[in-house]
Amino acid sequence: MSGRLIYLMGPSGSGKDSLLNAARERLAERGCLIARRVITRSAEAVGEDAIGVSPAEFDQQEAAGAFALSWRANGLAYGIPRQIDDWLAAGQDVLVNGSRGYLLKARERYPELLAILLQVDEAALRQRLHARGRESAEQIEARLARSRELQLPSASVAGDSDEGESQYLLNNSGPLDQTVTQLLQLLSDARACA
Ligand SMILES: Nc1ncnc2c1ncn2[C@@H]1O[C@H](COP(=O)(O)OP(=O)(O)O)[C@@H](O)[C@H]1O
Ligand SMILES: O=P(O)(O)OC[C@H]1O[C@H](OP(=O)(O)OP(=O)(O)O)[C@H](O)[C@@H]1O
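Rules and cut-offs
- Residues numbered from 1 in each chain as written.
- Chains lettered and ligands numbered in written order.
- Predicted model: local features only at pLDDT ≥ 70, side-chain atom pairs only at ≥ 80, totals over all residues.
- Heavy atoms only, no water.
- Near = heavy atom within 4 Å.
- Polar contact = N/O pair within 3.5 Å; in protein donor to acceptor, adjacent residues only side chain to side chain.
- Areas by Shrake-Rupley, 256 points an atom, 1.4 Å probe, with all protein chains shown as cover.
- 1 Å grid on protein atoms, 1.4 Å probe; cavity = no way out; pocket = protein on both sides within 12 Å on 5 of 7 lines; lining within 4 Å.
- Sits in = over half its atoms within 2 Å of the grid points.
- Helix = DSSP H or I, 4+ residues; strand = E, 2+ residues; numbered from the N terminus.
- Nonpolar A, V, L, I, M, F, W, Y, C, P; charged D, E, K, R; others polar.
- Pairing = 2+ DSSP bridges.
- Contact = heavy atoms within 4.5 Å.
- Axes fitted to C-alpha atoms, helices over the stretch in contact; angles between N-to-C directions.

A. Structural context of the site of ligand 2. Surrounding ligand 2, one finds 19 residues, the nearest of these being Arg37, Arg41, Tyr78, Arg143 and Arg146. A distance of 2.7 Å separates an oxygen atom of ligand 2 from a polar side-chain atom of Arg100. In the complex, the protein chains occlude 98% of the 480 Å² of accessible area that ligand 2 would expose alone. With respect to the detected pockets, ligand 2 is housed in the largest pocket. For the shell around ligand 2, the secondary-structure elements that each account for two or more residues are α1 (16-29), β5 (67-73) and α7 (137-151). Top element by residues in the shell around ligand 2 is α7. It accounts for three residues. Classifying every residue of the shell around ligand 2 by side-chain character gives four nonpolar, six polar and nine charged.

Take a look at the structure:
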């Protein structure tokens, strides 16, 4: 039996890490594991349950086949450890914090993946990114510009008509608790983490 990959994506600041942290225990109770990412972010700035490495270390690990998925964005490199393939093979569902820009590639490797797009309007995103204080004002504007570009009809990301029912929208404009409840409901509807 093989598990299903759940691919959570959304603009920087939309609340992916917050949602995963808030839902972690309840997801674990349902047998759903959350992959820990490897990111070329300094240890202090990692700010999530991720492993910070240097760009050289990242390239080395990537070349050695350490990642099931890896991508570059926002001047950083992100990797999802190969270990998720063992979990999936053992029948466990696995949730990853993914990238909208990398969705099609991820689908090539995991055709059955369940994509979830977390959404928040731009004014709230800007406000949340500033409040988080991890990036400079310039970096924040670059992330907002990337989000606008990825929303264009020409962008090969979420929203393509052939994505079918394996893609869900999840709004995080309200309280986080509400989004956690909606995530769990959505997973039940999709018969994931059942
Ligand atoms: N539902 C919410 N309401 C208010 N603030 C939120 C909500 N979800 C997340 N945040 C805040 O928004 C900021 C960005 O969230 P984060 O989880 O880091 O986003 P992402 O991982 O998608 O970049 C954080 O400071 C977080 O505390
Ligand atoms: O293609 P995109 O959808 O724009 O995604 C690109 C990357 O940006 C986000 O990471 P970020 O560094 O903002 O950290 P985050 O996970 O805290 O959002 C996201 O998690 C992706 O790794």
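B. Seen up close, the environment of Ser136. Residue position: Ser136 is located in the loop between α6 (122-132) and α7. In this structure, the C-alpha to C-alpha distance between Ser136 and Ser42, residues 94 residues apart in sequence, is 15 Å.

C. View of the sheet that holds β5. On the basis of which strands lie adjacent, the open sheet formed by four strands has the order β4-β3-β6-β5 and mixed pairing. The outermost strands of the open sheet, each flanked by one partner alone, are β4 (51-52) and β5. Strand direction decides the pairing type here: strand β3 (residues 38-39) and β4, joined by two bridges, are parallel. The residue bridging Ile39 from the neighbouring strand is Gly52, located in β4. Along the sheet face, helix α3 (residues 55-63) touches β3, β5 and β6 (76-81) and points at about 140 degrees away from the line of β5.

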